[in-house]
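# Fold and contact review
Each chain, written out:
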Amino acid sequence: MMFTECYEDTCSAVALAVRRGEARLLQRLLRKGHSVDVKDNRGWSALHEAAAGGHAQCVRLLLTASDSCEDYVNSLTHNSETPLYFAAKNGHLRAARRLIRAGADLNKMSNDLSSPLFAAVDSGHKEIVELLVSEGAEVNGTHFISGWSCLHQAVYKGHTEIVKFLVSVCSLEAVDDYGITPLFVAAQYGHHQCLEILANAGANVNCQAKDMATPLLIAAQEGHLSCVEQLLAHKANPNLYCNEDQWQLPIHAAAQFRRIRIEEAESRILNFLLEFINWKTLPLKLLHILTQRRAKGTWTPQKYFESVPDLTHLCRLAVRTIVGSDALSKPSFVRQLPVPTLLQDYLQFNDISSNYTFMA
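First, a word on what this report is: a plain description of the structure on this page. Bear in mind that the values here come from a model prediction, so they are computed numbers and not experimental data.

### Let's talk about the packing of helix α10 (residues 150-157) against helix α12 (residues 182-189)
Two packed helices can be described by the angle between their axes and the distance between those axes. In contact at an axis separation of 9 Å, α10 and α12 are set at 15° when each is read in the N-to-C sense. For the element pair α10 / α12, the angle class is roughly parallel. Handedness of the crossing formed by α10 with α12: right-handed. Contacts between α10 and α12 involve L151, H152, V155 and Y156 from the former and P182, V185, A186 and Y189 from the latter.

Here it is, written out as structure tokens:
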């Protein structure tokens, strides 16, 4: 017997009536004394059927007929799913409200570590998400084997409206087991709208996973040009080393994985990226592509890219490597350095940023 597929002969008459949403037939069965708590081979009761099907009237009748409403409303399937889990997963608002009023556990996890809120986020049901959060559901819990939060999942699925809502109640810097934040997920899967929402809400665009990868690196590696542009517009650091050996930069990843879309980026975007690195360290593959682009007129480099970077630029790259890009992105930190104001501005790459304007 399979415990994920339903066998008709294991279902009670009450459950079959509820599955079809036949409230009058359910009432007749209840008057005859039929039990509401008989479970099928999956461990589903009639209340699970009613919640999954969105039959709010049947939910009400079943809860009224149960001997212990609080226990019944939180009854579990063999996979530890509650009726509220199914109502949330399938987007049934009225049924969810009735279950919550009856004392449904908002945060009960299934065997695969999914909660009603996580299920609603995964399925894209914004009204259910808002209801569960307003009732006090845990918004920063970890789910699935990887330890994702609800915000991770909303970004992964590209549910922009849900992301807009969750950024005001969730931790923007929540990390999974690999040190990956929701913004990193947006960059990895090319969801530039979600990335923009997160960045505008204050998420760290220079966050690094446990392997030191940055959102800019992963976006370049995967060929998501729009995400690269968004990250640069929000002052992501193209010069942040992305591995322990301190050699790989986002532009190296673009070349290594032959992301032609990145390498054919708008001339202004490409030049901005090059400003933050030692352009004489570019890999040969990328230098070849840039030479071809220049010959075709699709890229016009800054004149000084042809020469060795001056000592002051190399020094600030070294300073950024030592203190970290996060520190140098904070004016409060830079202003405490015992150097003239002009040098403080120089360390923050203000001379470069002021020459490039991008839409945020």
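### Structural notes on the environment of R294
Here R294 lies in helix α19 (residues 284-296). Overall, R294 belongs to the partly exposed group, its relative accessible area being 43%. Distance from R294 to F165, taken between C-alpha atoms, is 45 Å for residues 129 residues apart in sequence. Of the polar contacts made by the side chain of R294, one reaches the side chain of E306; its length is 2.4 Å.

### Focus on the nonpolar core
Counting residues in each nonpolar core, the largest one holds 100 residues, and the members touching the most others are L62, L132 and L198. Not counting residues up to four positions away in its chain, the partners in contact with L62 are V14, V18, L26, V36, A46, L47, A50 and Y72. Membership of the second largest hydrophobic core comes to 5 residues, among which are W44, A52, Y85 and F86.

### Focus: unusual backbone geometry
Negative phi values dominate among residues other than glycine, just as trans dominates among peptide bonds. One non-glycine residue, L113, lies in the positive phi region at around 65°. You can call L113 partly exposed: its relative accessible area is 38%. Even without glycine at this site, K235 takes up a positive phi of about 65°. As for its position among the elements, K235 is in the loop between α15 (225-233) and α16 (250-256). Of the residues examined, K235 reaches a relative accessible area of 64% and is grouped as exposed.

### Description of α10
The buried fraction of α10 amounts to 6 of the 8 residues, a majority that puts the element mostly inside the structure. Where the residues of α10 are buried, they touch α8 (116-123), α11 (160-166), α12 and α13 (192-200). Residue G158 follows α10 closely and has a positive phi angle near 75°.

### A short note on the state of the cysteines
A full pass over the atoms with the stated rule returns 0 disulfides. Just so you know, C58 is unpaired, no disulfide at all, and the nearest cysteine sulfur is the one on C11, 15 Å from it. Not engaged in a disulfide, the cysteine C194 finds its nearest cysteine sulfur in C227; these two sulfurs lie 9.2 Å apart.

### A closer look at the packing of helix α14 (residues 215-222) against α15
At a closest axis distance of 8 Å, the pairing of α14 and α15 adopts a crossing angle of 155°. In this view, α14 runs roughly antiparallel relative to α15, as classed from their interaxial angle. Taken as a pair, α14 and α15 cross one another with a handedness that is left-handed. Contact residues: α14 offers P215, L216, A219 and A220, while α15 offers C227, V228, L231 and L232.

### Quick look at the side chain of S149
Locating S149 in the fold gives a position in the loop between α9 (126-134) and α10. Polar side-chain contacts of S149 include one of 2.8 Å to the side chain of H152. Those residues in contact with S149, other than ones at most four positions away along the chain, are F118, G141, H143 and A174.

### With respect to the packing of aromatic side chains
Following the criterion strictly, the structure yields 10 aromatic pairs and no others. When the ring of W44 is compared with that of F86, the centres are 4.3 Å apart and the planes differ by 40°; the resulting orientation is tilted. With W44 in the loop between α2 (23-31) and α3 (46-53) and F86 in helix α6 (residues 83-90), the pair connects residues that are 42 residues apart, well separated along the chain. The class of W44 is buried, set by a relative accessible area of 13%.

### Looking at the environment of F272
Considering the arrangement of structural elements, one finds F272 in helix α18 (residues 267-275). By relative accessible area, F272 is classed as buried at 5%.

### With respect to the side chain of Q348
Its location among the elements puts Q348 in the loop between α23 (341-347) and α24 (350-353). For Q348, a relative accessible area of 14% puts it in the buried group. With near-sequence residues (within four places) excluded, Q348 lies in contact with L328, S329, K330, P331, V334 and R335.

### Details of the environment of L76
Mapping L76 onto the fold places it in the loop between α5 (69-73) and α6. Expressed as a C-alpha distance, the spacing of L76 and H48, which sit 28 residues apart in the sequence, is 8.6 Å. If we skip the residues at most four places from it in the chain, L76 touches K39, G43, H48, E81, T82 and K108.

Parameters and conventions
Residues numbered from 1 in each chain as written. Predicted model: local features only at pLDDT ≥ 70, side-chain atom pairs only at ≥ 80, totals over all residues. Heavy atoms only, no water. Axes fitted to C-alpha atoms, helices over the stretch in contact; angles between N-to-C directions. Helix = DSSP H or I, 4+ residues; strand = E, 2+ residues; numbered from the N terminus. Parallel < 35°, antiparallel > 145°, perpendicular 65-115°, else oblique. Left-handed = near helix turned anticlockwise from the far one by under 90°. Contact = heavy atoms within 4.5 Å. Buried < 20%, exposed > 50% of the residue type's maximum accessible area, 1.4 Å probe, protein only. Polar contact = N/O pair within 3.5 Å; in protein donor to acceptor, adjacent residues only side chain to side chain. Core = buried A, V, L, I, M, F, W, Y, C linked by side-chain atoms within 4.5 Å. Disulfide = S-S within 2.5 Å. Phe/Tyr/Trp six-rings, centres within 6.5 Å; stacked < 30°, edge-to-face > 60°.

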